[in-house]
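# Chain and residue survey
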Amino acid sequence: MHSSVLMAHPHCPEIDDAAPMQHHNLVVPLTPTSIAESFEKKGHSWFAVSQLPSDLTVKVDDITFYVHKIDLQPSISNKDYELKLQNFPGGAETFEIVLKFCYGLPVSLNPRNAAPLRCAAEFLDMTEELEDGNLISKTESFLTLVVFSSWKDSITVLKSCENLSPWAENLQIVRRCCDSIAWAAEGNFTTIETASEQSRWLNDVATLRIDIFLKIITSMTLKGLRPDLLGSCIMIYAEKWLLGTDHGDIEPSKRYTNGKNELQWSILPGRSPELELGQYQEQRRIIESLVSILPHQKDAISCKFLLWMLKMAMVYSVSPAFVSELEKRIGMVMENASVYDLLIPGYTTGEQGKQVKSTAEQTLYNVDSVQRILEYYLMHGQQQKIQGHDKASISKLLDNYLAEIAGDPNLSATKFQVIAESLPDNARLCDDGLYRAIDIYLKAHPSLSEHDRRRLCRAMECQKLSIDACTHAARNDRLPLRTVMQVLLAEQLKLREEMHKKRLTGNDDSSEQEDDGASPKEEIKMLKVELEKMMDLIKELQKDYTNLQQDCEKMRNKQNALSGWILGWHKIKRSTLFQGRFDTNENRDGKVKDREGKEKEKRISSMLRLKRRQSMS
C-alpha cells in the first residue's frame, strides 16, 4: 500500500504564527482502515472520507481541509489544532492534489499542474529523507523527462508559473523551460521544418507574459540564433500585445499611394480619450522591454516596424532614453521608410492616460523627432558612404514628407526650412519635389512675411528645376519677385541647352527629321524667338524692379526731409489760434496723399504682373 509523508516547510514565513506549533508533520497512517477512500467537498470545505475522524484543519486561501495527523513529538498533546498556510504555491487546488498524493489516491501529473506541485512540494519539504518516491522527486522527474523535451509542454508550464513567483524562479523551472523553448527554436528555424510549425512556435511564444518572453529572447541570443529570427519573434509579440482589439487608440487603415494598396497602422487621437492607468503602465512597460532587446544588426528589424514602435512610444510617454534608441535605430535604415511611416502624431498620453500635445506649438505631427532621425541618418552616412540610389530615395522621401506637413498652419517656417536644408547639396538631382513642398507651405501660410518667403525659397536651387517646374514657378504669384527672376534665368539656360541638343540632333539625324516632316531649323528659330522674349521680359522686370526701388528710396528721403517741418507744424497746430482753421484742410490733404501713394503702388504691382503673364502667354 502506498503511503506518503507531508511536512510543513520549517523555514517558510507564510505559515501562520497563530498556529499552536510552527512545525507540523502530517503523516498518512499505514493501517488500511485509516486511508481515505476519497475527498468530498461541501461548500468551501474538503473532507477526507475515512474510518477515522479528522483531527487537523488546514486552511488555504478561503478553503478549509479536514484531514488526519500523527504528532511525531511526544511532548505535544493530542488536541485538534488548526493550520493556516498563507501564499501557498498553487493555492487550494494544488493543496488538494498534494493531500490526495499523501493519502495514496490517484494523482495525474500533467504540464499544467507539474510546476505548482513541484513548488508546493518544496514549500512542504516533501523530500526523500521522509519517504522514498516523495513528491519532490516525482515532480522533478516528470519535468525533466517529459516537459523539458517538448517546447509545447514548456510553454504550458511557463504559463502556470506566472503566479508561482518566486518559487518557480528559485527552483530554476522558468530558466529550464526557456532553454527548452530556445533549443526548439534553433531546431525549427535552422533545419528544414514546415512553415506552419514555425508559425505555431512564434504564436505560442507570443502568448507568454513580457518578463518570461524577455528570458526566452535572452536564451535564444546566448545560443547564437540569427538576428532576423529574433526580430521576427519581437515583431509578432508586439503586434499581439500592442495591436489587440482592447487597445482603443490604434486601428488598421488602408492608404493608397502610387497605385499600391498598403496596410498601414495609424494612431487615431479621438477613439480612446482616456486609458485605464493599469493598462497604460502595462503598455509602456511592454514597449520599453521590447526596445531593450532589439537586435543591434541593421537588417534584423524592418524600418516600418521601428517607426510604428516609435509612434507607440510617443503615445505612451516612454522614457526618453528608449525613444532616443528607437530614433537612432531608424536613422540607420531611414532610406527604407515611407512618407506615411514618418507621420508621427504630435500628441502623447499623460500619466493618467489623457491625451495631451507633445510640443508647445501644437503641430499635427512630431517634426522634431523626424529631424533627429534625419540627423542620425546623416551621421551614419558619414561613417558609411551612402550610395547614389540611397541619396535619391532619401531626397524623394524628405520632399514628400515636407509636402505632407506643409499644410499644418502651426508649423513654423524655421522648422520647415531646417528640414528642407538638412540634406547636402549633392543629395538632390532635381528640386521639383522641394519646390512643390514650398509652394504648398506658402499657400497654407498666406500671412508669411516677404523675408520668410525669400528665406524659404533659398532652400531650393532654381538650376535644378525642370522646364515644367520653371514654367509653373514663373506664373506663381506666391513666390518672391527675386525668386521668379532666378527661375526665368534658369529657364533661359535650359532653353539654350535644348537648342544646343537640337542642333546636334539635327546634324546627326537630318534624314530622319525630313521623313517626319519637322525641320530642325524651324524649331531652332522658334526657340530663339522664345528666348528673345524671355530676355526682354527679364530686362523689363529688372528695370521695373530698379525703378520701384528708386521710388521707394525717394519717398524715404522725402519723408526724412519733411520730418523736422512736420514736427514744427504739429506744435503750431496744437495752439488755440490755428486749431480750428487748419484742422479740416490738413486731414483732407493727408488723405489725398495717402490715397495717391497707394494707387501708385497698385499700378506698379499690377503692371509687373500683367507683363509677366502676357509674356508667358
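Note that the structure is a prediction, hence the values are computed from the model and not measured.

About the thresholds
- Residue numbering note: each chain is counted from 1, following its sequence as written.
- Per-residue local features of the predicted model are confined to residues with pLDDT of at least 70, and side-chain atom pairs are confined, for both listing and counting, to 80 or more; whole-chain, interface and lining totals are unaffected and use all residues.
- As a rule here, side-chain values cover all heavy atoms of the structure and leave hydrogens and water aside.
- Helix and strand definitions follow DSSP, with helices as H or I runs of at least four residues and strands as E runs of at least two, each counted in order from the N terminus.
- For every residue, the accessible area (1.4 Å probe, protein chains only) is compared with the maximum for its type, and the residue is labelled buried under 20%, exposed over 50%, or partly exposed between those bounds.
- We call two residues in contact when some of their heavy atoms are within 4.5 Å.
- Note that accessible areas follow from Shrake-Rupley with a 1.4 Å probe, and for residues the cover is restricted to the protein chains shown.
- Working rule for helices: expected span equals 1.5 Å times residues minus one.
- Think of it as the arc spanned by the lines of direction from the helix axis to the C-beta atoms.
- A residue's pLDDT is the confidence the predictor assigns to it, expressed on a 0 to 100 scale.
- All axes are obtained by fitting lines to C-alpha atoms, using only the stretch in contact for helices, and the reported angles, taken between N-to-C directions, cover 0 to 180 degrees.
- Note on terminology: angles under 35 degrees are roughly parallel, angles over 145 are roughly antiparallel, angles of 65 to 115 are roughly perpendicular, and the others are oblique.
- Each crossing gets its handedness from the near helix: less than a right angle anticlockwise from the far helix is left-handed, clockwise is right-handed.
- By convention in these notes, a salt bridge is any Lys or Arg side-chain nitrogen within 4 Å of a carboxyl oxygen on Asp or Glu.
- In this scheme Phe, Tyr and Trp rings, the latter by its six-membered ring, pair at centre separations within 6.5 Å, and the angle between planes marks the pair as stacked below 30 degrees, edge-to-face above 60, and tilted otherwise.

## Looking at the overall build of the chain
Of the regular secondary structure elements, the chain holds 22 helices and 11 strands. Residues counted as buried form 44% of the 617 residues belonging to the chain. Across the chain, every contact between residues at least 6 apart in sequence was considered, and the portion connecting residues at least 24 apart equals 68%. Total accessible area on the chain stands at roughly 33800 Å², and carbon and sulfur atoms take up 51% of it.

## Focus on helix H11 (residues 303-315)
With 13 residues, H11 should cover 18 Å at 1.5 Å per step; its first-to-last C-alpha distance of 19 Å lies within 8% of that length. Counted residue by residue, H11 has 12 buried out of 13 residues, so it is predominantly covered. Within H11, burial applies to Cys303, Phe305, Leu306, Leu307, Trp308, Met309, Leu310, Lys311, Met312, Ala313, Met314 and Val315. Immediately beyond the C-terminal end of H11, within one or two residues, lies Ser317, with a positive phi of roughly 55 degrees.

## Observations concerning helix H7 (residues 195-205)
Those residues of H7 not exposed but buried are Glu197, Trp201, Leu202 and Val205. Around the axis of H7, the buried residues are gathered within 135 degrees of arc, so they sit on the same side.

## Comments concerning the confidence of the model for the chain
Predicted coordinates in areas of low pLDDT are best not read in detail. With 66% of its residues at a pLDDT of at least 70, the chain reaches an overall mean of 75. Note that residues 245-274 has pLDDT below 50 and, in this model, 61 contacts with residues that lie over four places away or in other chains.

## Quick look at the packing of helix H16 (residues 432-444) against helix H18 (residues 467-474)
Packing of H16 against H18 leaves a shortest axis separation of 10 Å and a crossing angle of 25 degrees. The pairing of H16 with H18 is recorded here as roughly parallel in orientation. The two elements H16 and H18 meet at a crossing, and its hand is left-handed. Here H16 contributes Asp432, Tyr435 and Asp439 to the contact with H18, which in turn contributes Ala469, His472 and Ala473.

## Re the pattern of salt bridges
In this structure the tally under the stated criterion is 16 salt bridges. With a closest N to O distance of 3.0 Å, Asp439 and Arg478 form a salt bridge. Of this pair, Asp439 sits in helix H16 while Arg478 is found in the loop between H18 and helix H19 (481-508), placing the two residues 39 residues apart along the sequence. What makes Asp439 buried here is its relative accessible area of 11%.

## Here's the deal with unusual backbone geometry
The amide bond that connects Ser165 to the next residue, Pro166, takes the cis arrangement and shows omega of 0 degrees. Tracing the backbone shows Pro166 in the loop between helix H4 (151-160) and helix H5 (167-170). Phi is positive for Asp61, close to 60 degrees, though the residue is something other than glycine. With respect to the secondary-structure elements, Asp61 resides in the loop between strand S5 (56-60) and strand S6 (63-67). Judged by its relative accessible area of 47%, Asp61 is partly exposed. We note that Gln172 has phi near 65 degrees; this positive angle belongs to a residue other than glycine.

## Some words on the packing of aromatic side chains
Scanning the model with the defined rule gives 9 aromatic pairs in all. Ring geometry for Phe65 against Phe95: centres 5.0 Å apart, planes inclined by 65 degrees, an arrangement best described as edge-to-face. Placement of Phe65 in strand S6 and of Phe95 in helix H1 (residues 91-102) is noted, with a sequence separation of 30 residues between them. Here a set of aromatic residues connected by ring pairs shows up, and it is made of Phe65, Phe88, Phe95, Phe123 and Trp167.

## A few points about the environment of Ala300
With respect to the helices, strands and loops of the structure, Ala300 is situated in the loop between helix H10 (277-292) and H11. Take Ala300: its relative accessible area is 6%, and that puts it in the buried class. With 73 residues separating them in the primary sequence, Ala300 and Pro227 have C-alpha atoms 5.3 Å apart. Apart from the residues lying within four places of it in its own chain, the contact partners of Ala300 are Pro227, Asp228, Gly231 and Pro295.

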